Amino acid sequence: MPLILDYGLDSPARGLLILALSMKDKEQKKEMDILHLHKVIRYFEHLQDQKAIDFSDFKLGGVSYELQENLETLVECGLVEKVGSKYVLTEEGGKAEKELLPKYSEETIRKLKFAKLQLNDLDDNETLFFMYMLIPSTQKHSTRFEELYKKRDVYVPRLFLKGRINSTTAAKWLGVDEKTFLNSLSTRD
Amino acid sequence: MNFIFDTSSAILLFEKCNLRKELLKFSETNNLYVPTRVMEEYIEGENVKSSDIIEFQKIFSVINPTLKTILLPYFNNEFSSGEIWVISYALGNPECCCVIDEEFGRNIATLFETQLTGAIGIIKELKSQNIISDNDLRQLKAKVRKSGFYLSKKLLKELDEICSSHQT
């Protein structure tokens, strides 16, 4: 497996970046911007209940310098390309993905796929709101949480209607019972 | 065929559409299950009488699936919603089809590649097996809309299509 060794893809950050960029989101798109790359991998780590990558709770919640540095390295190595504000895999990156896939368990791949399906087509505000609510510790140093939380009546139904949260979570995030939440939808739909 | 129902799908068909006698007939040739959690959610609902519960249990067999812990992270480690129990059962019983209408639960069922349908899919089955009467089918759409029960635009459209294909 020359590519894994040549580019140090056995590092969790590099491996996950390559794999995340190889997967399709809800809109069948693979490309990802920097915010969604950080959030998808943070969400994946939350699902895995592991800390293979160092994340800090900063202004935009959980972000990772480690991820950022490794992304830049992958761009320099020609495995990832920046097109406008989005990152995409190059042909070489695609070959690396094929080498990497068998190294990960089915369940690991499923969780990463799920994280991308959950987040990548959401706009920035929906993504941030979702992640702040999902992992409350990331609210701590946030410069955006308060402003987004004030609009929870907008974001929670939107996330529910897009299938990113169930009615139990939606009701919990709004501080109402499930029936009240569902009734509020039936009157607006 | 075996079907395991999530709360909103069971309530929509049993309560809001009032397809009780049709579901009872359907249950003669199909196994219709609800997990204990769904039964609890049904009982917690508005104005549920003991006679309703008896009828509900004539149609749906209440089962107590083993929770598949592999699902927990996807539900943020909570197991109070009906769909985690529905999908848990279907994972252990691949011949069983999940009946889920909430998009999130459907996404998880799809991710785990279980068989999946929704309340509208069951209505289609009732129609294809000539269990649902012409009169009921005509009134169904109005009944659902009048009930105020939340149904996504996509599902309402599918319901429209069944009703229209019947009328033409």
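Okay, so let's go over this structure. (Residues numbered from 1 in each chain as written. Chains lettered and ligands numbered in written order. Predicted model: local features only at pLDDT ≥ 70, side-chain atom pairs only at ≥ 80, totals over all residues.)

**Section: the overall build of chain A**
Line of reasoning, step 1. The helix and strand inventory of chain A stands at 11 helices and five strands.
Line of reasoning, step 2. Expected size for 189 residues packed as a compact globule is a radius of gyration near 16 Å; at 18 Å, chain A falls within 12% of this value.
Line of reasoning, step 3. Taking the principal axes of its C-alpha atoms as reference, chain A extends roughly 55 × 30 × 30 Å.
Line of reasoning, step 4. Going through the 189 residues of chain A one by one, you find that 42% of them count as buried.
Line of reasoning, step 5. Relative to all contacts within chain A whose residues are 6 or more apart in sequence, the contacts with residues 24 or more apart total 60%. (Helix = DSSP H or I, 4+ residues; strand = E, 2+ residues; numbered from the N terminus. Rg over C-alpha atoms; globule rule 2.2 N^0.38 Å. Buried ≥ 20, exposed ≤ 12 C-beta atoms within 10 Å, placed from the backbone. Contact = placed C-beta atoms within 7 Å.)

**A short note on the overall build of chain B**
Line of reasoning, step 1. Looking only at helices and strands, chain B has nine helices and five strands in total.
Line of reasoning, step 2. Listing every helix and strand of chain B by position from the N terminus yields β-α-α-β-α-α-β-α-β-α-β-α-α-α.
Line of reasoning, step 3. A globule of 168 residues ought to have a C-alpha radius of gyration of about 15 Å, and chain B, at 15 Å, matches this closely.
Line of reasoning, step 4. Considering only C-alpha atoms, chain B reaches an extent of 45 × 35 × 30 Å along its principal axes.
Line of reasoning, step 5. When each of the 168 residues of chain B is scored for burial, the buried share is 40%.
Line of reasoning, step 6. Look at the contacts in chain B between residues 6 or more apart in sequence, and 65% of them connect residues 24 or more apart.

**Some points on the interface of chain A and chain B**
Line of reasoning, step 1. Each side of the interface is counted separately: chain A has 19 residues, and chain B has 19 residues.
Line of reasoning, step 2. Only α6 (106–119), α10 (167–174) and α11 (178–188) of chain A provide two or more residues apiece to the side of chain A that touches chain B.
Line of reasoning, step 3. Of the residues assigned to the side of chain A that touches chain B, the class counts are six nonpolar, seven polar and six charged. (Nonpolar A, V, L, I, M, F, W, Y, C, P; charged D, E, K, R; others polar.)

**Focus on the sheet that holds strand β1 (residues 32–33) of chain A**
Residue and element names in this part refer to chain A.
Line of reasoning, step 1. If you trace the three strands from one edge of the open sheet to the other, you get β1-β5-β4, paired in antiparallel fashion. The sheet is open, and its two borders are formed by β1 and β4 (80–83), each paired with just one other strand.
Line of reasoning, step 2. Pairing geometry for β1 and strand β5 (residues 86–89), over two bridges, is antiparallel. What sits directly across from Met 32, in β5, is Tyr 87.
Line of reasoning, step 3. Packed onto the sheet, helix α2 (residues 12–22) meets β1, β4 and β5 and runs at close to 95° relative to β5. (Pairing = 2+ DSSP bridges. Axes fitted to C-alpha atoms, helices over the stretch in contact; angles between N-to-C directions.)

**Some points on the nonpolar core**
Line of reasoning, step 1. In this structure, Leu17(A), Ala20(A) and Ile4(B) are the most contacted members of the largest nonpolar core, which totals 99 residues.
Line of reasoning, step 2. In this structure Ile4(B) touches Tyr33(B), Pro35(B), Val86(B), Tyr89(B), Ala90(B), Cys96(B), Cys98(B) and Val99(B), once residues within four positions along its chain are discounted. (Core = buried A, V, L, I, M, F, W, Y, C linked by C-beta atoms within 7 Å.)

**Quick word on helix α8 (residues 134–147) of chain B**
Side chains that are three or four residues apart share a direction in an α-helix, a result of its 3.6 residues per turn.
All names here are of chain B.
Line of reasoning, step 1. A rise of 1.5 Å per residue sets the reference length of α8, with its 14 residues, at 20 Å; its end C-alpha atoms lie 20 Å apart and thus fit the reference within 8%.
Line of reasoning, step 2. Along α8, the sharpest kink reaches roughly 40°, centred on Leu 140.
Line of reasoning, step 3. Looking one or two residues past α8, Gly 148 carries a phi angle of roughly 75°, positive in sign. (Expected span 1.5 Å × (residues − 1). Bend = angle between axes of the 7 residues up to and from the residue.)

By themselves, these are just geometric observations and shouldn't be taken as functional.
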